[in-house]
Structure formats: C-alpha cells, structure tokens
Amino acid sequence: MHNVTMIAGDGIGPEISKAVADIIAAAGVEINWDKVEAGAGVMDKYGTPLPEQVFDSIRKNKVALKGPITTPVGSGFRSVNVAIRKELNLYANVRPLKVHAKAFAQNEAIDMVVFRENTEGLYVGIEHYVGDEAAESIKIITRKASRRIVRAAFEYAVREGRKKVTAVHKANILKYSDGLFLEEARNIAAEYAETHPEIEFDDRIVDNMCMQMVQYPEQYDVLVMPNLYGDIVSDLGAGLIGGLGLAPGMNLGDDIAVFEAVHGSAPDIAGQNKANPVALLFSAVLMLRHLNEKSAADRIEKAVSDVLNAGDVLTVDLGGNATTDQITEAIIANL
Ligand code: NAI
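Residues numbered from 1 in each chain as written. Predicted model: local features only at pLDDT ≥ 70, side-chain atom pairs only at ≥ 80, totals over all residues. Heavy atoms only, no water.

Colleague: Help me understand the site of the ligand, please; the structure alone is not making it clear to me.
Modeller: Thr-71, Gly-264, Ala-266, Asp-268 and Asn-276 are the nearest of the 21 residues found near the ligand. Between the ligand and Gly-264, the relevant distance is 2.7 Å, taken from an oxygen atom to a main-chain nitrogen or oxygen of the residue. At 2.9 Å, a backbone N or O of Asn-276 approaches a nitrogen atom of the ligand. Among the residues forming the shell around the ligand, the class breakdown is nine nonpolar, seven polar and five charged. (Near = heavy atom within 4 Å. Polar contact = N/O pair within 3.5 Å; in protein donor to acceptor, adjacent residues only side chain to side chain. Nonpolar A, V, L, I, M, F, W, Y, C, P; charged D, E, K, R; others polar.)

What follows is the structure, given as structure tokens:
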C-alpha cells in the first residue's frame, strides 16, 4: 500500500483524477490517496487557494499526483502550480516526449525528455509596473540552480541509458543570464565527459531548437533548459506526439516528487465528460515507476497504446467522440 497525496485540481481536474484513480485500482496497485484541495474553488473555505494542509500532506507522503489548477490571468492570485514547485523546491520539471501511437505523432522517431528548470528565470514572475506606461519583469538565473538542473539531466541520462544531453538557451542575446546557464552546463558536461564519455553533449539556441525538434527529432534525446523555454518547448513537444491530451510530466526535488500533466485545467470543456485522462494517466505511470510498480506501469502503458492504436474509442482532442468515462472503461478493459 502506497500513501500518495491527491490534488484533484479544478476545471477538468476532478474528472480526469477520478479516471486515473480508477485505472490504477483496476491495475491492482493499492494506493491510499490522501485527498487535499487547492485552487480557486477553496478560496472561500480557506481564504487561500493553497492551504497549508496541501504542503503538510505532500511533505509527509513525498509523492503526489496533481490535477491542473486554473491561474487567473492579469489580476487575482499567483499560480498555485508555481507556488507548489517553489515551496517544495521541486527544481526539475521533467517531461518525457514518447510516441505511444504512431497515428497521432508528427514523427514516430520522437523520443526526447525535456528537463525544465523549475524555480527561477523569467517564469517565476518577479514583476512590477514602472509608472503607468511600462512594466518590468526580472529574470534571475543562478549558477547553483543551473548546475542542479543540468546535473539532474545528466544523472537521468546515465540512469536511463540515454545518449545525448543538449543545453537549450538564448545566450547569443542574453549573454549574462543565459550565458551563465550555458557556462555551468558546459562545466557539468565536462565532469560527465570524464566519468561517462558515452554521453554526448551539445547546445542549441532555443529558436533553432524548436525548428530542429520538428524537422530532425531523431537527433535529440535529453534537453535541458531554463524555466520559460522549458514551458514553451515542452508544449511544442506535446504537439509533436499527439497533443496536450497525451503529454505527461513530473516535478522532482531531492526527495519529493509531484506528478502532473503538461496541460492546464481546460475550462472550455470542464464538467462535460470530454477531457482526455491519458496525459494525467501517463503522469501516474511515471509515478508508478517512481514507486517501483514497474509491471503495473507497463501494463497501463500497453493498455493505453492498444486503445489509441485501435482508434475506435478516442476523446475529442484525438479526433473521436468518446467521453472521459468511455476511454477510461476501454483502458480498463484492455488491462
Ligand atoms: P489548457 O492546457 O488548459 O487548454 C488548452 C487547450 O487544450 C484547450 O482547448 C483544452 O480544451 C485542450 N485540452 C487541454 N487538456 C486537455 C485534455 N486533457 N483533454 C482534452 N483537451 C484538453 O491551457 P489554457 O487554456 O491555456 O489554460 C487553462 C488554465 O489552466 C489556465 O488558468 C492556466 O493557467 C492553467 N494551467 C495550469 C497548469 C497546471 O496546473 N500545471 C498548466 C497549464 C495551464
């Protein structure tokens, strides 16, 4: 029996979280879900979208499965998702881009893993107005965080038998901040060149990287980059493997892991039984591997691939008209 924190989230979160819990149970893995609430829906109850119980539960269990949470645009509370990553020091956002069904992929050779720095950079939103006519956002890149994320990418490459790590940046223009990231990436790469010469290292400017990912994905393996580039590049990657409905992710710290899909709360389809639960399910598969439930993870992945390849029970985002419940039942039937 594993103890895992469950944050269902808002928008489509509750629908897809239930689907995922049902599929995991059907796969025979016993999880004691510690259900905690966060997001806009709990503001009235707790006076904050992120009550302290959420952190208490994750710190205790060390593992969480998290549904998406809406962030109001412009005004309103800051992102709950960013706050969780920051508070728990989940410095690596890891997004594997793997093809599970050829029919939905732009190129079946795609097999990359994006390592996105999760705690600093432009994405953390240190901003203020300058008078009435301008606004300023501050991008901070530190040597410590850069070394930590690049090391995490190399460690993953060693563990998973990957061939190459590519650092992604814009150091030609942002010579100080991205320059520092690249310098540290090269330092860490030099260390690994001594101990693991089989792992190649190179770097790409982020705009070129986007083009290369589309045209020559077979040349890339593990990609490591600052926060905002990782946000954008991983959505590009999601598009290449079949869309947000299929793209999983995890946030890793030294001893805590929070698993969540790349997509958001999809308010346009929330509550309509239309959401694709597979991205959160694949995130849960990463979680099962983390919990050493490898056989259940493999079986779930295979059951999903079978459903996607058969093509007759697909959600709207994949061009079908099946409901969340129907694709969930089809996956369970294939287990
Ligand atoms: P989104 O990812 O929620 O939706 C983009 C488009 O993809 C929409 O048309 C949506 O219907 C579709 N889509 C997304 N997930 C789907 C799924 N599982 N099945 C079927 N279709 C799906 O991105 P958007 O609209 O930019 O953001 C909505 C809200 O989510 C915002 O408040 C945003 O801040 C938040 N968000 C939260 C994240 C998180 O919790 N980690 C990540 C990204 C966004």
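Colleague: Looking at this model, I keep getting lost on a nonpolar patch on the surface. Mind explaining?
Modeller: Among the surface-exposed residues, Ile-126, Ile-138 and Ile-140 lie close enough to one another that they form a single nonpolar patch of about 220 Å² accessible area. With respect to the element layout, Ile-140 can be found in the loop between β7 (134–138) and α5 (143–159). Ile-140 sits in the partly exposed class, given a relative accessible area of 42%. (Patch = residues over 30% accessible without salt bridge, like charges linked within 9 Å, V, L, I, M, F, W, Y side chains within 5 Å. Areas by Shrake-Rupley, 256 points an atom, 1.4 Å probe, with all protein chains shown as cover. Salt bridge = Lys/Arg side-chain N within 4 Å of Asp/Glu carboxyl O. Helix = DSSP H or I, 4+ residues; strand = E, 2+ residues; numbered from the N terminus. Buried < 20%, exposed > 50% of the residue type's maximum accessible area, 1.4 Å probe, protein only.)

Colleague: Is there a simple way to explain the environment of Lys-139 in this structure?
Modeller: Mapped onto the fold, Lys-139 is located in the loop between β7 and α5. Excluding anything up to four places from it in sequence, Lys-139 contacts Gly-121, Leu-122, Leu-174, Ser-177, Asp-178 and Tyr-229. For Lys-139, the side chain forms a polar contact with the side chain of Asp-178, separated by 2.7 Å. (Contact = heavy atoms within 4.5 Å.)

Colleague: What am I meant to see in the sheet that holds strand β11 (residues 250–252) here?
Modeller: Note on sheets: strands pair through backbone hydrogen bonds, and any given pair is parallel or antiparallel. Taken in spatial order, the 10 strands make up an open sheet running β2-β1-β3-β12-β11-β4-β5-β10-β8-β9, and their pairing is mixed. This sheet does not close on itself; its edge strands, each paired only once, are β2 (31–36) and β9 (200–205). With strand direction ignored, the average angle separating the axes of adjacent strands in the sheet is 25°. Where strand β5 (residues 111–117) meets strand β10 (residues 222–225), four bridges bridge the pair, whose relative direction is parallel. Within β10, the position partnered with Arg-116 by the bridge is Met-225. Lying on the sheet, α5 is in contact with β4 (92–98), β5, β8 (164–169), β9 and β10; it crosses β5 at an angle near 155°. (Pairing = 2+ DSSP bridges. Axes fitted to C-alpha atoms, helices over the stretch in contact; angles between N-to-C directions.)

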